[in-house]
Amino acid sequence: MLDTHKGEALLAVIDSGSFEQAAKWLHLTPSAVSQRISALESQLGTPLLIRSRPCRATRAGQRLLQYLRRSQLLEHEFLAELEHEQQHFLPVTMVVNHDTLATWLLPALSQFLQAEQLLLDISLDDQDHTYTLLESGQALVGISSESEALRGCRAQALGIMRYRLLAHPDFAARYFPQGLQREAARRAPLMVFNRKDALQSNFLLRTLGLPSTHLNCHYVPSSEAFLQAIELGLGYGMVPEIQYQPATGLRPLIDLAPSQATDITLYWHCWQVQSPKLERLSQAVIQAAKQALLPLPSERL
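Residues numbered from 1 in each chain as written. Predicted model: local features only at pLDDT ≥ 70, side-chain atom pairs only at ≥ 80, totals over all residues. Heavy atoms only, no water.

Quick word on the overall build of the chain
- A tally of helices and strands in the chain yields twelve helices and eleven strands.
- When each of the 301 residues of the chain is scored for burial, the buried share is 46%.
- Across the chain, contacts joining residues at least 24 apart in sequence account for 75% of those joining residues at least 6 apart.
- Counting only carbon and sulfur atoms, one obtains 52% of the accessible surface of the chain, whose full area is about 15500 Å². (Helix = DSSP H or I, 4+ residues; strand = E, 2+ residues; numbered from the N terminus. Buried < 20%, exposed > 50% of the residue type's maximum accessible area, 1.4 Å probe, protein only. Contact = heavy atoms within 4.5 Å. Areas by Shrake-Rupley, 256 points an atom, 1.4 Å probe, with all protein chains shown as cover.)

Next comes the structure, spelled out in structure tokens:
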């Protein structure tokens, strides 16, 4: 049997990033936290932590983190039902991509979260990288563009988020007077979310044969500010259709490639066996996605 105090120490170190901060959370000394984790490693016969700054979980540690987070959630849910506490909130760790959080997720889930008294602990990353956070045990559920499920989990297609390559009319007139062409795209400032974001560069490589090393880029790691920068004429870039709503009095943005939308299929990742509340959360996300996202090709028949 795993000692709950040892597991609690491991979670605290991973979530805080250090033994010192974990000790403050747990009202222990750093030495006591270290002893608990060392004892757990001895019990399991394998290292669980990479003692770096910040501390990171080993492969075995990642698997244990997944187990510990699920156990913690089940315990909280059981106690809430046992005590019948009306103000007993249940925390859920979730990883999502920035554009999902900026558009449909919270409006669609707000009533459900209040009714079920769930507290979201959200981690953000690019849709191509959220899978890594799930795999590392930093989240119990999440949304990713990765279709392959982790061991013991299931991945269900939610729908398609369609992106358009948009620019302000003045920006388009300045840099793309002849339309979207290779040399113009190379010179024009391109909006990129961060250095993990390959959405824009993949599109330009696929359609124009333009490698990412030849691009002039703004890096703006906020979905709202990213769109605002395009509306201000700072650059051109990919924006979800459901995010862009022309403001009254402003000239609408121009789609530089109206016949070449980029479709990203999103998947909901969760455990095959999960608590009742998490199962209801999964169903709520799936239903919300059907309303917000474009249907899959198989659903259009």
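And the narrative resumes.
Points about the UniProt feature "domain: HTH lysR-type" (unreviewed entry) in the chain
- In the UniProt entry, the feature "domain: HTH lysR-type" (unreviewed entry) is given for residues 8-58.
- Secondary structure within residues 8-58 divides into 63% helix and 8% strand; the distance between the first and last C-alpha atoms comes to 17 Å. (UniProt positions renumbered as here; feature names shortened; annotations may be inferred.)

A word on the nonpolar core
- Counting 58 residues, the largest nonpolar core has W104, V141, I143, L158, F176, Y236 and L281 as its most contacted members.
- Of all the elements, helix α12 (residues 276-292) adds the most residues to this core, at seven residues.
- Look past the residues within four positions of V141 in its chain and what remains in contact with it is V92, T93, M94, V95, L134, W268, H269, C270, Q274, L278 and L281.
- Membership of the second largest hydrophobic core comes to 20 residues, among which are A22, A23, L40 and C55. (Core = buried A, V, L, I, M, F, W, Y, C linked by side-chain atoms within 4.5 Å.)

Notes on the packing of helix α6 (residues 105-116) against α12
- Interaxial distance between α6 and α12 falls to 10 Å at its minimum, and their mutual angle equals 165°. As far as their axial angle goes, α12 and α6 are roughly antiparallel. Seen along the crossing, α6 lies across α12 with a hand that is right-handed. Together, A108, L109, F112 and E116 of α6 and K277, R280, L281, A284, V285 and A288 of α12 make up the contact between the two elements. (Axes fitted to C-alpha atoms, helices over the stretch in contact; angles between N-to-C directions. Parallel < 35°, antiparallel > 145°, perpendicular 65-115°, else oblique. Left-handed = near helix turned anticlockwise from the far one by under 90°.)

Concerning the pattern of salt bridges
- As enumerated under the stated definition, the model contains seven salt bridges in all.
- A salt bridge links D263 to R162; its shortest N-O distance comes to 2.7 Å. Residue D263 is found in strand β11 (residues 262-271), and its partner R162 is found in strand β6 (residues 153-167); the two are separated by 101 residues along the sequence.
- On the accessibility criterion, R162 (22% relative accessible area) is partly exposed.
- E241 is the salt-bridge partner of R164, the closest N and O atoms lying 2.8 Å from each other. Here R164, found in strand β6, pairs with E241, found in the loop between β9 (237-240) and β10 (254-255); they are 77 residues apart in sequence, far enough to count as distant.
- Several salt bridges converge on common partners, so that one network encompasses R164, E241 and D255. (Salt bridge = Lys/Arg side-chain N within 4 Å of Asp/Glu carboxyl O.)

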